[in-house]
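Architecture at a glance
Chain residues, written in single-letter form:
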Amino acid sequence: MEDDNEESTYIKLISAEGHEIFLARRIALQVDTMRAMLEGDFRESREGEIRFPDIAASALEKVVRYLYYKDRYAKSTARIPEFPIEPEEALELLVAASYLNC
């Protein structure tokens, strides 16, 4: 499925520290919270960027990596490799994943 707007191929995610991370729009639309922001009548849908003032850059980057991992292996019939999460990252990632509902 191709987006009918070239500008919407990627969206910009902005962490609490102001770091910018780009995510394919089609993957962002798989996340309930992001889909609501991007498809609703919100600033995020018009600007193509979502700010996460309570999510640190390190956690947001790991979430984005996980979303690409999840998309890549969604229809896999082969053994799926483990997605690495360090113990010291776990709590922050759990909070971010809960907020994003992913």
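Refer to the structure above for everything that follows.
Presented here is an overview of the structure given in this document. Quick caveat: nothing in here was measured; it's all calculated off a predicted structure.

Considering the overall build of the chain
- Counting its secondary structure elements, the chain contains five helices and three strands.
- Its helices and strands in sequence order give the chain the pattern β-β-α-α-α-β-α-α, from N to C terminus.
- Rg of the C-alpha trace for the chain: 14 Å, near the compact-globule value of 13 Å for 102 residues, within the 12% margin.
- Counting only C-alpha atoms and orienting by the principal axes, one finds that the chain spans roughly 35 × 35 × 20 Å.
- In the chain, which comprises 102 residues, the proportion classed as buried is 35%.

Observations concerning helix α2 (residues 32-39)
- Listing the buried residues of α2 in full gives T33, M34, M37 and L38. Projected down its long axis, α2 carries its buried residues within an arc of 120 degrees, all on one side.

Let's talk about the packing of aromatic side chains
- Here the structure, examined in full by the defined rule, presents five aromatic pairs.
- Both rings, one in F52 and one in Y99, keep their centres 6.2 Å apart while their planes meet at 90 degrees; by these two values the pair is edge-to-face. Here F52 is found in the loop between β3 (49-51) and α4 (57-73), whereas its partner Y99 is found in helix α5 (residues 90-100), with 47 residues between them in sequence.
- An aromatic cluster of three or more residues is present, and its members are Y66, Y69, Y73 and F83.

Section: the environment of Y99
- On the basis of relative accessible area, Y99 is assigned to the partly exposed category, the value being 46%.
- Note: C-alpha distance between Y99 and F52 (47 residues apart in sequence) is 10.0 Å.
- When residues no more than four places from it in sequence are discounted, the contact partners of Y99 are T33, M37, F52 and I55.

What to know about the pattern of salt bridges
- Counted by the stated rule, this structure contains nine salt bridges.
- Between E47 and R43 there is a salt bridge, and its shortest N-O distance comes to 3.6 Å. In this pair, E47 and R43 are both assigned in helix α3 (residues 43-47), four residues apart and thus about one turn of the helix distant.

Side note on unusual backbone geometry
- With phi around 60 degrees, N101 is a residue other than glycine that occupies positive phi space.
- On the secondary structure map, N101 appears in the segment after α5.

Section: the packing of α4 against α5
- Running from N to C, α4 and α5 point in directions that differ by 65 degrees, and their axes come no closer than 10 Å. Judged by the sense of rotation from one axis to the other, the crossing of α4 with α5 is right-handed. Taking contact as the criterion, the partners of S58, A59, K62 and V63 in α4 are, on α5, E92, L93, A96 and L100.

Overview of a nonpolar patch on the surface
- Side chains of Y10, F22 and Y68 sit close together on the surface and give an oily, nonpolar patch of about 320 Å² of accessible area.
- Its place among the elements puts Y68 in helix α4.

Criteria and cut-off values
Residues numbered from 1 in each chain as written. Predicted model: local features only at pLDDT ≥ 70, side-chain atom pairs only at ≥ 80, totals over all residues. Heavy atoms only, no water. Helix = DSSP H or I, 4+ residues; strand = E, 2+ residues; numbered from the N terminus. Rg over C-alpha atoms; globule rule 2.2 N^0.38 Å. Buried < 20%, exposed > 50% of the residue type's maximum accessible area, 1.4 Å probe, protein only. Arc of directions from axis to C-beta. Phe/Tyr/Trp six-rings, centres within 6.5 Å; stacked < 30°, edge-to-face > 60°. Contact = heavy atoms within 4.5 Å. Salt bridge = Lys/Arg side-chain N within 4 Å of Asp/Glu carboxyl O. Axes fitted to C-alpha atoms, helices over the stretch in contact; angles between N-to-C directions. Left-handed = near helix turned anticlockwise from the far one by under 90°. Patch = residues over 30% accessible without salt bridge, like charges linked within 9 Å, V, L, I, M, F, W, Y side chains within 5 Å. Areas by Shrake-Rupley, 256 points an atom, 1.4 Å probe, with all protein chains shown as cover.

The quantities given are spatial measurements derived from coordinates; they are silent on function.
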